[in-house]
Amino acid sequence: MVLGGFIGVLLIIQFIPYGRDHTNPPVIAEPAWDSPQTRTLFFRACADCHSNETRWPWYSTIAPASWLITRDVMEGRAEFNVSEWGRPDNEGDDAAKTVQNGEMPPWFYLPLHPEANLSPAERQQLINGLLATFGGNLERGDDD
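Note that this is a predicted model, so its numbers are computed, not measured. (Residues numbered from 1 in each chain as written. Predicted model: local features only at pLDDT ≥ 70, side-chain atom pairs only at ≥ 80, totals over all residues. Heavy atoms only, no water.)

**Q** I'm lost on the nonpolar core in this one. Help?
**A** Soluble globular proteins tend to bury their nonpolar side chains together. Counting 20 residues, the largest nonpolar core has F42, V82, L126, L130 and F134 as its most contacted members. Elements that contribute at least two residues to this core include exactly α2 (36-45), α5 (95-100) and α6 (120-134). Every residue in contact with F134, bar those within four places of it in the chain, is listed here: P31, W33, F80, V82, W85, G92, D93 and A95. (Core = buried A, V, L, I, M, F, W, Y, C linked by side-chain atoms within 4.5 Å. Buried < 20%, exposed > 50% of the residue type's maximum accessible area, 1.4 Å probe, protein only. Helix = DSSP H or I, 4+ residues; strand = E, 2+ residues; numbered from the N terminus. Contact = heavy atoms within 4.5 Å.)

Here is the structure:
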């Protein structure tokens, strides 16, 4: 009975329309990337949530995953969106720091997006490219 109830709830929530509109807004403007390689690494590891060029996987249409993915993309675009460059609240100067601190990409994104799992050299190259493109300061660990 419990299994039947669980399956019933999963079927019913599929009719909730939130999380099903996967229309990407238009690209308005992109930053002046320091190099094509920085742009390539960014789009490989970050663009699904931080641009208007999101690749929506098949499971992004199945609730409740669709709800979580839509929320993450909306929050990511609101915080930092390279497709709407020039918007006053875009926080590009923090991009390198969040990658360096291991906050981006989030751990739960990587298992289903192995292409976003950058090697240490690629990660450092992305950090350097983000600093060159967006500016910002990296906090170094205490050497005292």
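Now that the structure has been shown, we can carry on.
**Q** In this structure, what is going on with the state of the cysteines? I would like to understand it.
**A** Note: disulfide means a covalent bond formed between the sulfur atoms of two cysteine side chains. For the coordinates displayed, the defined rule picks out zero disulfides. Here C46 stays unpaired: no disulfide links it, and the sulfur of C49, its closest cysteine neighbor, is 9.3 Å away. (Disulfide = S-S within 2.5 Å.)

**Q** Looking at this structure, I do not really get the side chain of N52. What am I missing?
**A** On the secondary structure map, N52 appears in the loop between α3 (47-50) and α4 (65-79). Looking at N52, its side chain comes within polar contact range of the side chain of E84, at 3.2 Å. Residues in contact with N52, not counting those within four places in the same chain, are N24, P25, P26, R77, N81, S83 and E84. (Polar contact = N/O pair within 3.5 Å; in protein donor to acceptor, adjacent residues only side chain to side chain.)

**Q** Is there a simple way to think about the layout of surface pockets in this case?
**A** Rolled over the atoms, a probe with the dimensions of a water molecule shows which regions are left empty. Taken as a whole, the largest pocket holds about 750 Å³ of empty space. In this structure, the largest pocket is lined by 35 residues; those nearest its centre are C49, H50, D72, M104 and P106. Listing elements by their share of the lining of the largest pocket, those giving two or more residues are α2, α3, α4 and α5. Top element by residues in the lining of the largest pocket is α4. It accounts for nine residues. Looking at the lining of the largest pocket residue by residue, the classes come out as 21 nonpolar, five polar and nine charged. (1 Å grid on protein atoms, 1.4 Å probe; cavity = no way out; pocket = protein on both sides within 12 Å on 5 of 7 lines; lining within 4 Å. Points joined across faces, edges and corners; volume = space filled by probe spheres on them. Nonpolar A, V, L, I, M, F, W, Y, C, P; charged D, E, K, R; others polar.)

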